[in-house]
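Residue-level structure breakdown
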Amino acid sequence: MTSAHRDYAYPEVSTRATIDDLPVRRWVECAGCIEWQDIEHTTEAEVWTEEHLRRNPSHDRFRVVRQTGWRLVPTAEEAEPPAP
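Only a predicted model underlies this, so the values are computations on that prediction, with no experimental measurement involved. (Residues numbered from 1 in each chain as written. Predicted model: local features only at pLDDT ≥ 70, side-chain atom pairs only at ≥ 80, totals over all residues. Heavy atoms only, no water.)

1. Concerning the sheet that holds strand E2 (residues 25-30)
- Pairing is antiparallel in the open sheet, where three strands are placed in the order E3-E2-E4. Where the open sheet ends on each side, the last strands, each with one partner, are strand E3 (36-38) and strand E4 (62-67). Across the sheet, the mean angle separating the axes of adjacent strands is 25° when strand polarity is ignored.
- Packing of helix H1 (residues 42-55) onto the sheet brings it into contact with E2, E3 and E4, and relative to E2 it is tilted by some 20°. (Pairing = 2+ DSSP bridges. Helix = DSSP H or I, 4+ residues; strand = E, 2+ residues; numbered from the N terminus. Axes fitted to C-alpha atoms, helices over the stretch in contact; angles between N-to-C directions. Contact = heavy atoms within 4.5 Å.)

Rendered as structure tokens:
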């Protein structure tokens, strides 16, 4: 299962931004087949894993993944090449 690309997945930041201020994406996935579902709360993960296990009895290993992505945009002083 895949979903459409999200514009906020890699927001531009300067070197002064902190990673803690960036959006976080979380999902639960099956370690056996890598099928996954976006989640906001752990209760959603529990429901999804129970349903997945019912459909796939041999798939009994799961993980919750938390991901933060960003693009680093250099500041003006960082963009200048070093003096020789």
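Structure's up, so let's keep going.
2. Thoughts on the pairing of E2
- Examined bridge by bridge, E2 and E4 share six bridges and lie antiparallel to one another. Its bridge partner lying in E4, Arg 25 is registered against Gln 67.
- Taken together, the three bridges between E2 and E3 define a ladder with antiparallel strand orientation. Residue pairing across strands places Glu 29 opposite Trp 36, the latter belonging to E3.
- The hairpin formed by E2 and E3 contains five residues between the paired strands, and Ile 34 there has a positive phi angle of roughly 65°.

3. Re the side chain of His 52
- Tracing the sequence through the fold places His 52 in helix H1.
- Taking the relative accessible area as the measure of exposure, His 52 reaches 0% and is therefore buried.
- A polar side-chain atom of His 52 sits 3.2 Å from a polar atom in the side chain of His 59.
- Setting aside residues up to four positions removed in sequence, His 52 forms contacts with Cys 30, Cys 33, Glu 35, His 59 and Phe 62. (Buried < 20%, exposed > 50% of the residue type's maximum accessible area, 1.4 Å probe, protein only. Polar contact = N/O pair within 3.5 Å; in protein donor to acceptor, adjacent residues only side chain to side chain.)

4. Quick look at the pattern of salt bridges
- The tally for this structure, following the rule as stated, stands at three salt bridges.
- Across the pair Asp 38 and Arg 25 runs a salt bridge whose closest N-O atoms are separated by 3.2 Å. Of this pair, Asp 38 sits in strand E3 while Arg 25 sits in strand E2, and the two are 13 residues apart along the sequence.
- Of the charged contacts, one joins Glu 29 and Arg 63 as a salt bridge, the two residues approaching to 2.5 Å between their closest N and O atoms. Of the two residues, Glu 29 sits in strand E2 while Arg 63 sits in strand E4, which places them 34 residues apart along the sequence.
- A residue is classified by how much of its surface remains accessible, and Arg 63, at 37% relative accessible area, is partly exposed. (Salt bridge = Lys/Arg side-chain N within 4 Å of Asp/Glu carboxyl O.)

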